[in-house]
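Residue-level structural notes
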2 protein chains.
Amino acid sequence: MSAIRYEHIKSCKQTGARLGIVHTPHGSFETPTFMPVGTMATVKTMSPEDLKELEAGIILSNTYHLWLRPGHDIIKEAGGLHKFMNWDRPILTDSGGFQVFSLSKFRRIEEEGVYFRNHINGDKLFLSPEKAMEIQNALGSDIMMAFDECPPYPAEEKYMRDSVERTTRWAERCIAAHARPHDQGLFGIVQGGEYEALRKQSAQDLVAMDFPGYAVGGLSVGEPKDVMNRVLEFTTPWLPADKPRYLMGVGSPDSLIDGAIRGIDMFDCVLPTRIARNGTLMTSEGRLVVKNAAYARDFGPLDPNCDCYVCKNYSRAYIRHLIKCEETFGIRLTTYHNLHFLINLMGQVRQAIKEDRLGDFREEFFEQYGFNQPNAKNF
Amino acid sequence: MSAIRYEHIKSCKQTGARLGIVHTPHGSFETPTFMPVGTMATVKTMSPEDLKELEAGIILSNTYHLWLRPGHDIIKEAGGLHKFMNWDRPILTDSGGFQVFSLSKFRRIEEEGVYFRNHINGDKLFLSPEKAMEIQNALGSDIMMAFDECPPYPAEEKYMRDSVERTTRWAERCIAAHARPHDQGLFGIVQGGEYEALRKQSAQDLVAMDFPGYAVGGLSVGEPKDVMNRVLEFTTPWLPADKPRYLMGVGSPDSLIDGAIRGIDMFDCVLPTRIARNGTLMTSEGRLVVKNAAYARDFGPLDPNCDCYVCKNYSRAYIRHLIKCEETFGIRLTTYHNLHFLINLMGQVRQAIKEDRLGDFREEFFEQYGFNQPNAKNF
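Analysis parameters
Residues numbered from 1 in each chain as written. Chains lettered and ligands numbered in written order. Predicted model: local features only at pLDDT ≥ 70, side-chain atom pairs only at ≥ 80, totals over all residues. Heavy atoms only, no water. Helix = DSSP H or I, 4+ residues; strand = E, 2+ residues; numbered from the N terminus. Rg over C-alpha atoms; globule rule 2.2 N^0.38 Å. Buried < 20%, exposed > 50% of the residue type's maximum accessible area, 1.4 Å probe, protein only. Contact = heavy atoms within 4.5 Å. Areas by Shrake-Rupley, 256 points an atom, 1.4 Å probe, with all protein chains shown as cover. Lys, Arg positive; Asp, Glu negative; His and termini not counted. Charge placed at Lys NZ, Arg CZ, Asp CG, Glu CD. Buried area = accessible area lost by both parts, 1.4 Å probe. Salt bridge = Lys/Arg side-chain N within 4 Å of Asp/Glu carboxyl O. Nonpolar A, V, L, I, M, F, W, Y, C, P; charged D, E, K, R; others polar. Least-squares fit on C-alpha atoms with pLDDT ≥ 70 in both. 1 Å grid on protein atoms, 1.4 Å probe; cavity = no way out; pocket = protein on both sides within 12 Å on 5 of 7 lines; lining within 4 Å. Points joined across faces, edges and corners; volume = space filled by probe spheres on them. Axes fitted to C-alpha atoms, helices over the stretch in contact; angles between N-to-C directions. Parallel < 35°, antiparallel > 145°, perpendicular 65-115°, else oblique. Left-handed = near helix turned anticlockwise from the far one by under 90°. Polar contact = N/O pair within 3.5 Å; in protein donor to acceptor, adjacent residues only side chain to side chain. Pairing = 2+ DSSP bridges. UniProt positions renumbered as here; feature names shortened; annotations may be inferred. Domains from an automatic or database assignment.

**Digging into the overall build of chain A**
For chain A, the count of helices and strands is 15 helices and 16 strands. The C-alpha radius of gyration computed for chain A amounts to 20 Å, which stays within 12% of the reference 21 Å derived for 379 residues, consistent with globular compactness. By residue count, 61% of the 379 residues in chain A fall in the buried class. Once local pairs closer than 6 in sequence are excluded, the contacts in chain A between residues at least 24 apart make up 65%. By element, 47% of the accessible surface of chain A is carried by carbon and sulfur atoms, the whole surface being about 14300 Å². Separation of charge centres in chain A, based on 44 positive and 49 negative side chains, amounts to 4 Å.

**Some points on the interface of chain A and chain B**
The interface is formed by 36 residues belonging to chain A together with 36 residues belonging to chain B. Both faces combined, the contact of chain A with chain B buries some 3100 Å², and carbon together with sulfur accounts for 53% of it. Our count for the contact surface shared by chain A and chain B stands at eight salt bridges. Ionic pairing is found between B:Asp73 and A:Arg297, a salt bridge with its closest N-O pair at 2.6 Å. Within the residue set of the side of chain A that touches chain B, elements represented by two or more residues are helix H1 (48–53), helix H3 (72–77), helix H4 (81–85), helix H12 (309–313), helix H13 (316–324) and helix H14 (328–354) of chain A. Here the side of chain A that touches chain B takes five residues from H13(A), the largest share from any one element. When grouped by side-chain class, the residues that make up the side of chain A that touches chain B number 19 nonpolar, seven polar and 10 charged.

**Some remarks on the relation of the copies chain A and chain B**
Relative to chain B, chain A is turned by 180 degrees and slid 0.0 Å along the rotation axis, the superposed coordinates differing by an RMSD of 0.0 Å. In short, the pair behaves as if placed about a two-fold rotation axis. Of every C-alpha in chain A, the one belonging to A:Thr328 sits nearest the axis of rotation, 3.6 Å from it. A shared binding surface is used by both copies, with 100% of the interface residues of chain A retained as interface residues in chain B.

**Things to note about empty space enclosed by the protein**
All names here are of chain A. One pass over the structure, following the stated rule, counts five cavities of 30 Å³ or more. In this structure, the largest cavity occupies an estimated 70 Å³ of space. What lines the largest cavity is simply Pro151, Pro152, Tyr153, Met160, Gln191, Gly193, Glu194, Gly218, Leu219, Val221, Glu223 and Val227. Class assignment for the residues of the lining of the largest cavity results in seven nonpolar, three polar and two charged. Size it by volume and the second largest cavity reaches roughly 50 Å³.

**Let's talk about the layout of surface pockets**
Residues and elements named next belong to chain A. For the second largest pocket, the calculated volume is near 1000 Å³. Lining of the second largest pocket is provided by 46 residues; of these, Phe98, Gly249, Cys269, Val270 and Arg274 occupy positions nearest its centre. Among the secondary structure elements, those contributing two or more residues to the lining of the second largest pocket are helix H5 (97–102), helix H9 (225–235) and helix H11 (271–277). Classifying every residue of the lining of the second largest pocket by side-chain character gives 17 nonpolar, 19 polar and 10 charged.

**Things to note about the packing of helix H10 (residues 253–261) of chain A against helix H15 (residues 358–369) of chain A**
All names here are of chain A. Packing of H10 against H15 leaves a shortest axis separation of 11 Å and a crossing angle of 165 degrees. Classified by the angle between their axes, H10 and H15 sit roughly antiparallel to one another. Two packed elements cross with a definite hand, and for H10 against H15 that hand is left-handed. In this structure, H10 uses Pro253, Asp254, Ile257, Asp258, Ala260 and Ile261 to contact H15, whose residues at the interface are Leu358, Phe361, Arg362, Phe365 and Phe366. Its residues assigned to classes, the contact of H10 with H15 comprises eight nonpolar, no polar and three charged.

**Section: the environment of A:Gln191**
Residue and element names in this part refer to chain A. Mapped onto the fold, Gln191 is located in the loop between strand E11 (185–190) and helix H8 (196–208). Given the relative accessible area of 1%, Gln191 is considered buried. Taking the C-alpha atoms as reference points, Gln191 and Gly218, 27 residues apart in sequence, are found 6.0 Å from one another. Dropping the residues within four chain positions of it, Gln191 is found in contact with Asp148, Glu149, Cys150, Pro151, Val164, Thr167, Leu198, Arg199, Ser202, Gly217 and Gly218. Polar contacts involving the side chain of Gln191 include one to the main-chain carbonyl oxygen of Glu149, which spans 3.4 Å.

**A short note on the sheet that holds strand E10 (residues 143–145) of chain A**
Residues and elements named next belong to chain A. Read across the open sheet, the eight strands follow the order E4-E14-E13-E12-E11-E10-E6-E5; overall the sheet is parallel. With one partner strand each, in any of the chains shown, strand E4 (33–35) and strand E5 (59–61) form the two edges of the open sheet. For this sheet, the mean inter-axis angle between neighbouring strands, taken without regard to orientation, is 30 degrees. Where E4 lies against strand E14 (residues 266–268), three bridges are found, and the strand directions are parallel. In the strand pairing of E14, Phe34 is matched with Phe267. The strands touched by H8 within the sheet are E11 and strand E12 (213–216), with E11 carrying the most contacts at an inclination of about 160 degrees.

**Section: the UniProt feature "binding site: substrate" (unreviewed entry) in chain A**
All names here are of chain A. Here, UniProt's "binding site: substrate" (unreviewed entry) annotation points to Asp94, Ser95, Gly96, Gly97, Phe98, Asp148, Gln191 and Gly218. Within the annotated group, the residues that form the lining of the largest cavity are Gln191 and Gly218. In this structure, Gly96 is in contact with Thr63, Tyr64, Leu127 and Phe147, ignoring residues within four places of it in sequence. Its location among the elements puts Gly218 in the loop between E12 and H9. Setting aside anything within four residues of it in sequence, one finds Gly218 in contact with Gln191 and Arg199.

**A look at the pairing of strand E9 (residues 124–127) of chain B**
Residue alternation in E9(B) divides its side chains into a buried set, B:Leu125 and B:Leu127, and an unburied set, B:Lys124 and B:Phe126. With antiparallel pairing between neighbouring strands as the criterion, strand E8 (residues 114–117) of chain B and E9(B) make up a hairpin whose turn holds six residues, including B:Gly122 at a positive phi of roughly 80 degrees.

**Remarks on the domain arrangement of chain A**
Residues and elements named next belong to chain A. Taken as a whole, chain A is organised into domain 1 (5–268) and domain 2 (276–365). For domain 1 and domain 2, the distance between their C-alpha centroids amounts to 27 Å. On the domain 2 side, the residues contacting the 33 residues of domain 1 number 26 residues. Three residues, Gln14, Leu54 and Ile257, lead the burial of domain 1 against domain 2; their summed loss comes to 24% of the area buried on that side. Linking domain 1 with domain 2 are three salt bridges, by the criterion used here.

**Concerning the sheet that holds strand E7 (residues 105–109) of chain B**
Residues and elements named next belong to chain B. Taken in spatial order, the three strands make up an open sheet running E7-E8-E9, and their pairing is antiparallel. Of all the strands in the sheet, just E7 and E9 have a single pairing partner and so form its edges. Averaged over all adjacent pairs, the angle separating strand axes in this sheet is 20 degrees, with direction ignored. Where E8 lies against E9, four bridges are found, and the strand directions are antiparallel.

**Structural notes on the pattern of salt bridges**
All names here are of chain A. This model, assessed by the stated rule, comprises 51 salt bridges over all chains. Between Asp258 and Arg362 there is a salt bridge whose closest N-O contact spans 2.5 Å. In this pair, Asp258 sits in helix H10 while Arg362 sits in helix H15, placing the two residues 104 residues apart along the sequence. Assessed through its relative accessible area of 6%, Asp258 is described here as buried. Among the ionic contacts, a cluster of salt bridges with common partners joins Glu233, Asp258, Arg262, Arg362 and Glu363.

This is the structure we're talking about:
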């Protein structure tokens, strides 16, 4: 019996988007869902109570970062990541693969794993399928990710084929090394860049291994949005209908909708929390840079159409003041609002699926936010 | 009818410490009390809800800082400081006098006020009794402070006498300039350093002006603790029993108790919030520097005898990790705990007054925390 189970509720008759529930050892969450990112065992500035008030169903944390600080041995001794950070709902951990490729220096990819220098002090490190499983087993996340190679974009087909094949071999080693399959569900990651044949091959090879869930990796790495959508269109049909599907690293509102329409159930991204720390907001009026002088005497809420805690109680002028003065409470407020925006958006997406009108919702949303414009303000 | 009224409940038969209630336009708070400091219209990292959960009865904010950023005109337009920062309980604002003397450069004290350069960009500024009233009237705090000179410690008696006399003349100008006496109570500030005759003169002159409350200023500026205590002993007897008394800038636990014993009702200090940002905690076992390596695998609470939200839910190991990684949620947790420590301490002080045993409580507390030792770890 797998630790993770996907319950399909219905599909949208207009788009095919899936409404479902993912059941985990720490409770269930509805899909499609957006997962806030808690890199260092904290969603920056947020308390677990804040996240529950926001109705976050699951959060993501980073294997690479927790391996380096405080060390997975300490988190294991604490009784696991849930207890360590006081979060009793589901947690997904990535494999560290992405950080090794995006943050580290001097990496060398071998069949056994990746040799690299860490981004904090330059120490030599080695990450492999077995090590990524050891760390994630210590963390005790509900959903673990297989250790994969994240190839650059764009990449030659030959490079990509070698990479995908290695990722498949690594996935087999992950399954073999996973020590707690009854407590933690391990997801495979489909790679293959923009190459349809490679995505199909990757998906078929991984599905044959019968993971309890599948991710689509290697997207949101600089490719145009239509490439992302096309890749999803020729990839998700190869994934089993009775398992959850996770599009890694995607958090732009338009891409969340377009991903759901292509059969994706789970998303994560640092986007809402990262731009919040710079005072940039997702609002129903589009992108808002609250530090701008125009808001110095604007006593209205960040978003006039939002009913979140922040918009009910604080003005643009106050939040601008806090951010300008580098007061962390300002970042708490902008982070809260942006997470509310995306979590609330996913609630609207689920409602639209329920009503078989996600296609209409997409049109309305893209119209309101200007995503139909060729030079749409991108988040 | 003054905006501020002091209701005396009883005095401790063992020490003479006062139990009371201060009534303000934004509600009442019990005394003796500790006021968290919200310099920039926010108690750093805390939400108003956090402060209410901590049972903070009143907070302090800084005229000087709000004058510079965002500007008191903006806060006035917002409907006042309470509305601007979403805090509906009492607020006390200082006069800016202390910051002019502690932060600014090139200050020149004249009879009309103080010319100085601000600490942010060096701009020339001028602060006077009239300006301090104008700013505080715009902020709309419940308790305003008169604009005084904060003399250095130590200061010659001649210098101190001139300073005290000027502060008295400034106090008269403050009363004359105060535009909202029915909405906001203005407190006078007794100065005079360690000179008994000057403290007496200052107190008598100010009491003759019939302020709704009085502060003792110019302490906690580097003088030994026994000097502070002696000054309080020969100053508070000159203050009227039916008005609240505020000891400015004092937040060390031992000094809160010793101040209450000498008839003080209100205290403020950045100490608990400032040391929290460096990972230093006030605990029943004394000072705790949670960043120390000794706590890396310590899965117990910050304070085993504390029942605050932080101690109930988080470990030293987790908080150490957050602080080491410069995660603001760590500072949120340490700030919360330290404020709880002092606010809870004042609750214990009030209970001890109620039971006529504040002297005994002091002995027990000083023994437990080592404040009786000659080299007591100071906060």
